[in-house]
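Coordinates in review
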Amino acid sequence: MKKTEKHIQLTALELNTGQIEWLPKNPRQWTKDDLDLMIKSLEEDPDYMDDRPPLVTPIPSKPGFFAAFAGNLRVFTAKKMKDFSELKCIVYLPEDENDKVTVIRRAMKDNGHFGNWDNDILANEWDCFPLQQWGV
């Protein structure tokens, strides 16, 4: 699969609402609290957006526009904040059905949470850090 890194204007980035025929819409939802935590997180650490860029793919019916398939909350938050006019993104350019399946699989893996927290370690070794404020 072809991929490229590209800075994209926020006005050309869309959330995945099912606008691409082969890509199911983003099944995740978030609350106002989730949004507030993400805003706070990006205000505290704006470089995080560059270090963990959204994954996007072109919208065939809208040349020059891209749908986020991983990082929808980050894109949504960036649009709500005044700090961003563009985002560094990884652009996936699927060339065949296998590539499309890869995009779908990565969308789910990015949104899935593997493993379980060890609450004893969190309570005893991480309790001095603002984990809840970090969204954990």
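One structure accompanies this document, and this report is about it. None of these values were measured; they are calculated from a predicted model.

1. Considering the packing of aromatic side chains
Tallied over the full model, the rule gives 2 aromatic pairs. Here the aromatic rings of tryptophan 30 and phenylalanine 76 are separated by 5.5 Å at their centres, their planes lie at 55 degrees, and the arrangement is tilted. Here the residue tryptophan 30 occupies a position in the loop between β2 (13-15) and α1 (32-44), and phenylalanine 76 occupies one in helix α3 (residues 72-80), the gap between them amounting to 46 residues. Judged by relative accessible area, tryptophan 30 falls into the partly exposed class, the value being 25%. A relative accessible area of 24% places phenylalanine 76 in the partly exposed class. When the centroid spacing of 5.1 Å and the interplanar angle of 85 degrees are considered together, the rings of phenylalanine 69 and tyrosine 92 count as edge-to-face. Highlighted residues: phenylalanine 69 in strand β4 (residues 66-70) and tyrosine 92 in strand β5 (residues 86-93), separated in sequence by 23 residues. Using a relative accessible area of 1% as the deciding quantity, one classes phenylalanine 69 as buried.

2. Quick look at the pairing of β5
Within a regular strand, side chains alternate between the sheet's two faces. Of all the 8 residues making up β5, 6 are buried; the element is thus mostly covered by neighbouring parts of the structure. Where strand β1 (residues 2-9) and β5 come together, 8 bridges link them in antiparallel fashion. When the bridges of β5 are listed, glutamate 5 appears paired with isoleucine 90. Sheet topology note: the strand β3 (residues 55-58)/β5 ladder contains 2 bridges and is parallel. If you follow valine 56 over to β5, its bridge partner there is valine 91.

Definitions and limits used
Residues numbered from 1 in each chain as written. Predicted model: local features only at pLDDT ≥ 70, side-chain atom pairs only at ≥ 80, totals over all residues. Heavy atoms only, no water. Phe/Tyr/Trp six-rings, centres within 6.5 Å; stacked < 30°, edge-to-face > 60°. Helix = DSSP H or I, 4+ residues; strand = E, 2+ residues; numbered from the N terminus. Buried < 20%, exposed > 50% of the residue type's maximum accessible area, 1.4 Å probe, protein only. Pairing = 2+ DSSP bridges.

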